[in-house]
Amino acid sequence: MCLGRTAKLTPVARDQYKRLIAHVRCETNDAARAQLASGLAWVYTRHKADRRALQALEESARNRHLGLWSAPFPEAPWTYRQSHRSPR
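About the thresholds
- Residues numbered from 1 in each chain as written.
- Predicted model: local features only at pLDDT ≥ 70, side-chain atom pairs only at ≥ 80, totals over all residues.
- Heavy atoms only, no water.
- Phe/Tyr/Trp six-rings, centres within 6.5 Å; stacked < 30°, edge-to-face > 60°.
- Helix = DSSP H or I, 4+ residues; strand = E, 2+ residues; numbered from the N terminus.
- Salt bridge = Lys/Arg side-chain N within 4 Å of Asp/Glu carboxyl O.
- Buried < 20%, exposed > 50% of the residue type's maximum accessible area, 1.4 Å probe, protein only.
- Expected span 1.5 Å × (residues − 1).
- Contact = heavy atoms within 4.5 Å.
- Pairing = 2+ DSSP bridges.

Caption draft 1: Up close: the packing of aromatic side chains. Throughout the structure, instances matching the rule amount to three aromatic pairs. With 6.0 Å between their ring centres and 70° between their planes, W42 and W78 make a pair best called edge-to-face. Of this pair, W42 sits in the loop between helix 1 (31–37) and helix 2 (52–63) while W78 sits in helix 3 (residues 77–83), and the two are 36 residues apart along the sequence. Ring pairs connect the aromatic residues W42, Y44, W69 and W78, which therefore count as one cluster.

This is how it looks when you write it as structure tokens:
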């Protein structure tokens, strides 16, 4: 969606690892909304911002079995990482 286009980042916060959390737009497209509507992303529900509109996009993609929702048992990335942690 952003390949070859200028992306605009609007900083929102930093996470516990000091990584930037930002809204990303590619020309007139909101990257998060486009990914969710296509079934290519999950809404990260642990983030404290109001996510109702984004959750509605995810739910619509789920109901239409788009993208990752076409898999029989999709697994959230944070669940996958927790169950596949490297021993320290």
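Caption draft 2: Geometry of the pattern of salt bridges. Under the criterion given, the structure shown has four salt bridges. Between D15 and R19 there is a salt bridge whose closest N-O contact spans 2.6 Å. Judged by its relative accessible area of 22%, D15 is partly exposed. A salt bridge links R33 to D30; its shortest N-O distance comes to 3.7 Å.

Caption draft 3: Representation of helix 2. With 12 residues, helix 2 should reach 16 Å at 1.5 Å per residue; the first-to-last C-alpha distance of 16 Å fits that figure. Check the buried side of helix 2 and you find it contacts helix 1.

Caption draft 4: Highlighting the sheet that holds strand 3 (residues 29–30). The antiparallel open sheet is built from three strands, whose spatial order is 1-2-3. Edge positions in the open sheet fall to strand 1 (7–14) and strand 3, since each of these has one partner strand only. One ladder, built from two bridges, connects strand 2 (residues 20–26) with strand 3; its direction is antiparallel. Note that in strand 3 the partner of R25 across the bridge is D30.

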